[in-house]
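# Structure at a glance
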Amino acid sequence: MNKINTIIRKEWSEVFKNRMVLFTTAFLPLILTAIPLGIIYATSRSGDFSGITGDLPQEFNAFCPENFSGGDCFQVFIVSQFMIMFMIIPLAIPAAISSYSIVGEKVNRSLEPLLATPITTTELLVGKSLSAIIPALIATWAGFTIFIIGSWFMIANPVVIGNFLDTRWLIAIFIIGPLMALSAVSFSIIVSSRVNDPRVAEQVSMIIILPVLAVFFGQMAGIIILNVTFMLVSALLLGLVDAGLVYLSIHLFQRETIITRWK
Amino acid sequence: MITTQNLTKKFDQITAVENLSLDIPEGEVFGFLGPNGAGKTTTVRMLTSLISPTKGNATVNGFQVGEHDIDIRRSVGLLTETPGMYDNLSAERNLEIYASLYEVEDVQGQVEKYLRFLGLWDRRLDVAATFSKGMKQKLAIARALLHEPKTLFLDEPTAGLDPEASRLVREFILEIKQQGRTIFICTHNLDEADRLCDRIGVFKTRLVVVDSPVNLRRQVFGRKVVFHLIQADQSLVDKIAGHPHVSEANLVENKIVATIEDPETHNPELIRILVGEGADVQFIGELRRSLEDVYLQLVKNA
Ligand SMILES: Nc1ncnc2c1ncn2[C@@H]1O[C@H](COP(=O)(O)OP(=O)(O)OP(=O)(O)O)[C@@H](O)[C@H]1O
Ligand SMILES: [Mg+2]
């Protein structure tokens, strides 16, 4: 436990000195929280949006509650679009942190002296993973909280806010988010074992945000409707993907493999 | 204390270490000497339980490799081939991290002790990236000592250092030796092995020979004695070369260099021969063959 703690603190004091990591961890959540808030701000002041529902995907209109005005519906749609983008945070932050922390050690050649200490590879792997997952979850949850509080101040209709806080988004933020962070870390460990440039590792690891973009465009085109079932099925699939990725990363993260095969 | 029996490591087709059997008692400084690719680093990695042997056994400080790996890692210090410091962190922070990973109780105390011991105390707050190669090496030695290991593995401790820094590192090693630790040094530097080590193992995938530096020189070349004369010529050389206990004699300017089985016994007689032939002997001395010659010869034959 102590050693895991040491590793986490070591990663944080090292990795946040890197500008790329700092940018991803600090600015990405800031931007992805500010944009939907800005849209809410703009749409809640400019009066009547009743005609706009015609521009939304048909499937979404059907999904929009009966008692919502056109403006409310538009806000709910725009925000649910951005909520999907928001889910990039728990993927991008862990990918950036763990790419730099693992490839950084490879470049520094610090893995051998590290592995020569009495630490177990499990402790090291858990420490490295947590050091990437914790900031991601803090940023995701803090961003979400700021978003809810901000929209509270700007939106007249509390039912709309209730719509942001419904089961779907709670599943997304509190179940899918952590699962995403875990998959991003495991994936970037797998990538890092083969790559010797932290920037390349980060870029390759970012492939993992593609499914989120697919869902984003899917909803925009009306192919995907985010309902509770979709969220639960996504969480289940992600859980399975995680199991596979974690298994692979543990397999690669063995002392002998790291010393003799990681090049 | 280190013992190995038939320790072997194969990588796919390559055999890096083959049937290595060693017995290094507590407190000995053992030099592990071999050319590039001999398998020195591979051996050290097996003995520090970083990689597992393909075959054979080894114990370090009484712990069995492959069974008590955590105990081994707790009781040994390792200076890796490259220092591998966290460049963005200060010297002090680097050592603090390792002290807590090595379960040191008094982290601050041990970090200060070894920063002072290696003369880095004044630079403790500087990030490791600003350190010279020699300073990084010293920091890495400090890191290997933080938990007061009984056995220390040093993989090429002076490689790439200038003579001044090398000398400093050698002095530290001698000081560490005084503390009764077992030290296993991989090196190419024969002069260094000669000065530091109680015994040297010449190694190239297999162990070629293990002996003290003095015996190694004797074993391979006999001993060379130089006779300085005012005037030397070939007839004198032939007289010396004809002696039954002299295996070789050569004329070098006004000196005769002879390889003699046992100089203590045969020198007086050889001097009498020279004087009898009318030579003026100024002085005589033993030529210390560099260990390098011994080593090159051994490795060539291996
Ligand atoms: N991970 C590995 N995979 C395959 N072969 C390896 C691996 N590590 C070492 N070898 C091979 O094992 C042999 C011994 O290598 P090792 O690094 O132990 O030599 P060394 O004596 O330390 O050499 P040097 O003086 O250059 O440091 C070499 O032929 C090397 O190519
Ligand atoms: Mg080596």
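All of these numbers come straight from a predicted model, not from anything done at the bench.

With that out of the way, let us pick up the layout of surface pockets. In this structure, the largest pocket spans a volume of roughly 830 Å³. Along the wall of the largest pocket there are 28 residues; nearest its centre are R109(A), E112(A), I259(A), K263(A) and R45(B). Breaking the lining of the largest pocket down by element, the ones donating at least two residues are α5 (89-108), α6 (111-115) and α13 (255-261) of chain A together with α1 (40-47) of chain B. Of the residues contributing to the lining of the largest pocket, the split by class is eight nonpolar, 10 polar and 10 charged.

Right, let's talk about the coordination of the magnesium ion (ligand 2) for a bit. Residues and elements named next belong to chain B. In the first shell of the magnesium ion (ligand 2), the protein supplies T41 (OG1) and E81 (OE), at 1.9 to 2.4 Å from the metal. Taken together, the residues span a long stretch of sequence, with T41 in helix α1 and E81 in the loop between β6 (76-79) and α3 (91-101) at a distance of 40 residues. T41 gets classed as buried once you look at its relative accessible area, which sits at 14%. Residue classification places E81 among the partly exposed residues on the basis of a relative accessible area of 42%.

As a further point, take the pairing of strand β2 (residues 14-24) of chain B. Residues and elements named next belong to chain B. Here seven bridges tie strand β1 (residues 2-11) to β2, and the two strands are oriented antiparallel to one another. Residue pairing for β2: F11 is matched across the bridge by I14. Taken together, β1 and the strand that follows it, β2, pair antiparallel across an intervening segment of two residues, in which D12 is found at a positive phi of about 45 degrees.

Each α-helix winds once per 3.6 residues, and so residues spaced three or four apart point in a common direction. For helix α1 (residues 2-15) of chain A, with 14 residues, the first-to-last C-alpha span of 20 Å sits near the 20 Å given by 1.5 Å per residue. Regarding α1(A), the residues found buried are K3(A), I4(A), T6(A), I7(A), I8(A), K10(A), E11(A), E14(A) and V15(A). Structurally, α1(A) contributes buried residues whose contacts are with α2 (19-43), α5, α6 and α7 (121-154) of chain A together with α3 of chain B.

Residues and elements named next belong to chain B. Pairing in this open sheet of six strands is mixed, and the strands run β6-β7-β8-β3-β9-β10 from one edge to the other. With one partner strand each, in any of the chains shown, β6 and β10 (206-211) form the two edges of the open sheet. Strand-to-strand twist of the sheet, defined as the mean angle between neighbouring strand axes without regard to direction, takes the value 15 degrees. Contacting β3 (29-33), β6, β7 (151-155), β8 (182-187) and β9 (199-204), α1 runs over the sheet at an angle of about 150 degrees to β8. Strand contacts of helix α6 (residues 163-178): β3, β7 and β8, with the helix running at about 155 degrees to β8, the strand carrying the most contacts.

Cut-offs used in this document
Residues numbered from 1 in each chain as written. Chains lettered and ligands numbered in written order. Predicted model: local features only at pLDDT ≥ 70, side-chain atom pairs only at ≥ 80, totals over all residues. Heavy atoms only, no water. 1 Å grid on protein atoms, 1.4 Å probe; cavity = no way out; pocket = protein on both sides within 12 Å on 5 of 7 lines; lining within 4 Å. Points joined across faces, edges and corners; volume = space filled by probe spheres on them. Helix = DSSP H or I, 4+ residues; strand = E, 2+ residues; numbered from the N terminus. Nonpolar A, V, L, I, M, F, W, Y, C, P; charged D, E, K, R; others polar. Donors = N, O, S within 2.8 Å, 3.2 Å for Na, K, Ca; no water. Buried < 20%, exposed > 50% of the residue type's maximum accessible area, 1.4 Å probe, protein only. Pairing = 2+ DSSP bridges. Expected span 1.5 Å × (residues − 1). Contact = heavy atoms within 4.5 Å. Axes fitted to C-alpha atoms, helices over the stretch in contact; angles between N-to-C directions.

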